[in-house]
Every structure is written in C-alpha cells, then in structure tokens.
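# Survey of secondary and tertiary structure
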Amino acid sequence: MAVISISPFAAAFVLVLTVVPFTEAALSADYYHQTCPQAETIIYQTVRNASIYDPKVPARLLRMFFHDCFIRGCDASLLLDSTTKNKAEKDGPPNISVRSFYVIDDAKTKIEKACPHTVSCADVLAIAARDVVAMSQGPWWPVLKGRKDGRVSKANETINLPSPFSNATTLIQSFAKRGLDVKDLVTLSGGHTLGFSHCSSFSARIHNASDPSINSEFAMNLKKKCPLKNKDRNAGEFLDSTSSKFDNDYYKNIIAGKGVFGSDQALYKDTRTKSIVDSFAKDEKLFFKEFAASMVKLGNVGVIEDGEIRVKCSVVN
Ligand code: HEM
C-alpha cells in the first residue's frame, strides 16, 4: 500500500498553487424535493449498511469529502478513475490512502435506478459525509444540494492538499484560499476525531525528537507502533482514542500534547487557533454546532454550475 510521502508536500511550496474559487453557488436544501425525493434515504441506507459491514467507512468518507472539496472544489473530481491519458486525483500521493469509493459508487448506482440523470456525485458525497458524522454520534445538518460534477481530475493538483507537517500559518493560508477562516480550520480539523493514520504521516515528527510539544509517553507509544525500520506498511495509529465516535476528545488530546499530526498539534501552538481549541475542548455542543456550520461552508467551496450529472461517479459521461 502506498502512503503519503513528505516530498510532494514540500514541493508544494515551490509550485504555483491552483486556487479554488470560493463561490456562493445557488445550492438549496430542497433541491431534489421534486425530482428525487428518495435520494437522501438511498444514500443513508447505503452508507449505513457499508459502515456496519466495515467500521472504517465513516472516517474514510468524511476525509474523501474534504479532499474532494479542496481540489477544484466540491465537484466529485476525486471520484474519477485515471485513464490511459490522465492520472486522476484518486492516484495522487495523498489520496492513495483514501478508500471506500465503492460506497459512493453503490449509492449512485441505486439513485440512478430511482431517478436517472438527476443527482450529482458531488451531492452524493456531501450527503454521505454528513451521514457518517451523524451516525458516529456527531451533529446532523441539512445538506445544501445542486452541485454539478466536474470533468477534470489531475493527480498533480493533489499537491495542494494541506500537509500533516504544516504549521498554523500554512494551514490558515491553505484554508483561506478556499474561503475558509481560522475558525473553520480548527473546527474542521476536528474531523480527526474519527479514523486512522499510517505511520508515514507522523513518523518524521516522533523520530526526529525535535518536537517538544508531544507528550513523551504518547511519543513512546507512537514509536513502538511505528519503529524507524518499519516494515509493516499498514501500521499506524488511531487519530483519537475514541476513533469511531464523533466527539470533542480530539481537542482534549491536543491540549494534552497527544495530537497525532504536527498539523494537529500546531493548532495549540499558535495564538490565533489556541483559544478555539480550548473552547471546543470545554464545550462539545459548541464544537458540534460549529462543525455543522463549517461543513456547510466546506460544501460550498468551488461549486461549479457548468458541470454535468455524472451517470457513474468514476467516469465522465
Ligand atoms: C487541516 C489539515 C489536514 C491535514 C494536514 C490532514 C491530514 C491527514 C492525514 C495525513 C491523514 C492520515 C492519512 C493516512 O496516513 O492514512 C488524515 C486522516 C483523516 N483526515 Fe485529515 N487532514 C486535515 C484536515 C481534515 C479535515 C478538514 C477533515 C474532515 C473534515 C479530515 C478528516 C480526516 C479523517 C476522518 C481521517 C481518517 C481517515 C481514515 O481513517 O481512513 N482531515 N488526515
């Protein structure tokens, strides 16, 4: 299994970034009310069944939505397969560890049977991302819909995804390019209350021993799981000790020096983000409310109006 490597991220500093325009596109909560009223039920049932069968699915779909929206906006460009002529986002280094595309493909196949050529793959993913949070005991919010699917997907653009080694300034800039503010950054990073990371995303940080912000016992535990000469490419650590429950433990862990990524821990080192971490650690309800609001904002990033309604999420029409 391939994993995230550091070098492409480092190269991001020298490449010209592709700016994703932030649009206030005309999305609405009842977009499919007349044309496909059963869409959300079909998606919910598909995602729920898949998650019962494989508990890794919720975290994977939440991350998938984030990675899609950050590259070319929420246009399902991440769902497209590579072709002989084009290496797609899916095969870009940070996305090799994004899995469970089959769940979105399944939901879309069922929706196509119920209401052909109506519901975009970008909307299916946005709804699925909401459902996995709610079904992991997190907040629920009405998803705005009406996105169109893009026709372009390029692996080399995934270099513009934020790196787990970034500091707060870099993360703030990366989010700002997508119209997301400092509070959105801290709030959405709370997505790391779910899921798992491979060693390669944090190994450098623990073995260089140069990061004094890590709790020493926690660092020792990570070193055990990810020894320097690690041969197990599947090895890693859960992002949170309650990694299948959506809660505010992520923020409590950061305060305790137990953030898995440098980019998580960075949020407690910077005055612009530290007080927000404190407020979410103290008040889970506040975190839930802000998470729902920031996910709606994330879902607005770069929404396109001149795309298509893909019939199959992995190929353009
Ligand atoms: C702030 C910048 C972010 C960085 C640098 C970052 C980086 C990463 C990395 C390196 C992984 C582990 C990949 C692996 O080794 O398997 C990961 C996992 C994950 N990320 Fe993020 N992430 C960020 C923001 C977000 C956001 C905004 C969300 C969702 C709202 C999110 C949701 C997740 C989830 C759920 C996982 C676990 C996936 C799984 O278990 O398969 N991340 N992230």
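Since the model is a prediction, treat every value here as computed from it, not as a measurement.

## Considering the overall build of the protein chain
- Helix and strand counts for the protein chain come out as 13 helices and two strands.
- By the compact-globule yardstick of 20 Å for 317 residues, the protein chain fits well, its C-alpha radius of gyration being 19 Å.
- Dimensions of the protein chain, computed from the C-alpha atoms along their principal axes, are close to 55 × 45 × 35 Å.
- Taking all 317 residues of the protein chain together, 54% fall into the buried category.
- Accessible area of the protein chain: about 14200 Å², with a carbon and sulfur share of 57%.

## Quick word on the UniProt feature "binding site: Ca(2+) 2" (unreviewed entry) in the protein chain
- Sites flagged by UniProt as "binding site: Ca(2+) 2" (unreviewed entry) map to T193, T242 and D247. For this annotated set, covering 55 residues, all C-alpha atoms fall within 8.0 Å of each other, a compact arrangement in space.
- By secondary structure assignment, the location of T193 is in the loop between α7 (182-189) and β1 (196-198).
- Leave out the neighbours within four places in its chain, and T193 touches D240, T242, S243, K245, F246, D247 and Y250.
- Side chain to side chain, D247 and T193 meet in a polar contact 3.0 Å long.

## Considering the nonpolar core
- By size, the foremost hydrophobic cluster in this structure holds 66 residues, and its most contacted members are L61, M64, F65, L79, I104, F291 and M295.
- Looking at this core element by element, the count peaks at 10 residues for helix α5 (residues 121-135).
- Composition of this core by domain shows at least three residues from each of domain 1 (24-161) and domain 2 (168-296).
- Among all residues touching F65, those that are not within four sequence positions of it are C74, L125, A126, A129, M295, L298 and G299.

## Observations concerning the UniProt feature "active site" (unreviewed entry) in the protein chain
- The feature "active site" (unreviewed entry), as given by UniProt, occupies H67 in the numbering adopted here.
- If you trace the backbone, H67 turns up in helix α3 (residues 57-70).
- Beyond its immediate stretch of four places on either side in the chain, H67 contacts L78, E89, P94, N95, V98 and L161.

## Quick notes on α7
- Counted residue by residue, α7 has six buried out of eight residues, so it is predominantly covered.
- Regarding α7, the residues found buried are D184, L185, V186, T187, L188 and S189.
- Close packing links the buried residues of α7 with α6 (168-176), α10 (249-255), α12 (271-282) and α13 (284-298).
- A side-chain oxygen of the first residue of α7 lies 3.1 Å from the backbone nitrogen of K183; this N-cap is D181.

## A look at the site of the ligand
- Around the ligand, the surrounding shell holds 26 residues, and the nearest of these are S163, H192, F196, H198 and S201.
- One of the side-chain nitrogen or oxygen atoms of H192 is found 2.9 Å away from a nitrogen atom of the ligand.
- Separating an oxygen atom of the ligand from a side-chain N or O atom of H198 is a distance of 2.7 Å.
- When residues of the shell around the ligand are traced back to their parent elements, those giving at least two are α3, α6, α7 and β1.
- Considered class by class, the residues forming the shell around the ligand number 14 nonpolar, 10 polar and two charged.
- Each of domain 1 (24-161) and domain 2 (168-296) gives at least three residues to the shell around the ligand.

## Examining α6
- A168, L171, I172, S174 and F175 are the residues of α6 that are buried. Taken down its axis, α6 places every buried residue within 165° of arc, on the same side.
- Elements in contact with the buried residues of α6: α3, α7, α11 (262-265) and α12.
- Capping the start of α6 is the job of one residue whose side-chain oxygen sits 3.3 Å from the backbone nitrogen of T169: N167.

Cut-off values and rules
- Note on numbering: residues in each chain are counted from 1, in written sequence order.
- Two thresholds apply to this predicted model, a pLDDT of at least 70 for residue-level local features and 80 or more for giving and counting side-chain atom pairs, whereas whole-chain, interface and lining totals are computed over all residues.
- Heavy atoms throughout the structure, all of them, feed into the side-chain values; hydrogens and water do not.
- Numbering of helices and strands starts at the N terminus; helices are DSSP runs of H or I of at least 4 residues and strands are runs of E of at least 2.
- As a reference, a globule follows 2.2 Å times the number of residues to the power 0.38, and the radius of gyration itself is taken over C-alpha atoms.
- In this scheme, a residue with accessible area under 20% of its type's maximum is buried, one over 50% is exposed, and one in between is partly exposed, where area comes from a 1.4 Å probe on protein chains only.
- For the area figures, the Shrake-Rupley method with a 1.4 Å probe applies, and any residue is considered shielded solely by the protein chains shown.
- UniProt positions are given in the numbering used here, feature names are shortened, and annotations may be inferred rather than shown by experiment.
- The contact definition used throughout considers only heavy atoms, calling two residues in contact when any of these lie within 4.5 Å.
- For the purposes of these results, a polar contact is taken to be a pair of N or O atoms within 3.5 Å, where, inside protein, one atom must be able to donate a hydrogen and its partner to accept one; residues adjacent in sequence count only when each atom of the pair is a side-chain atom.
- For our purposes a nonpolar core is just a set of buried Ala, Val, Leu, Ile, Met, Phe, Trp, Tyr and Cys residues, chained together by side-chain atoms within 4.5 Å.
- Where each domain starts and ends comes from a domain assignment, either automatic or drawn from a database.
- Nearness is judged by heavy atoms alone; a residue qualifies as near a molecule or strand once a single heavy atom is within 4 Å of it.
- Ten residues, namely Ala, Val, Leu, Ile, Met, Phe, Trp, Tyr, Cys and Pro, are considered nonpolar, four, namely Asp, Glu, Lys and Arg, are considered charged, and the remaining ones, Gly among them, are considered polar.
- Throughout, the arc means that of the directions going from the helix axis to the C-beta atoms.

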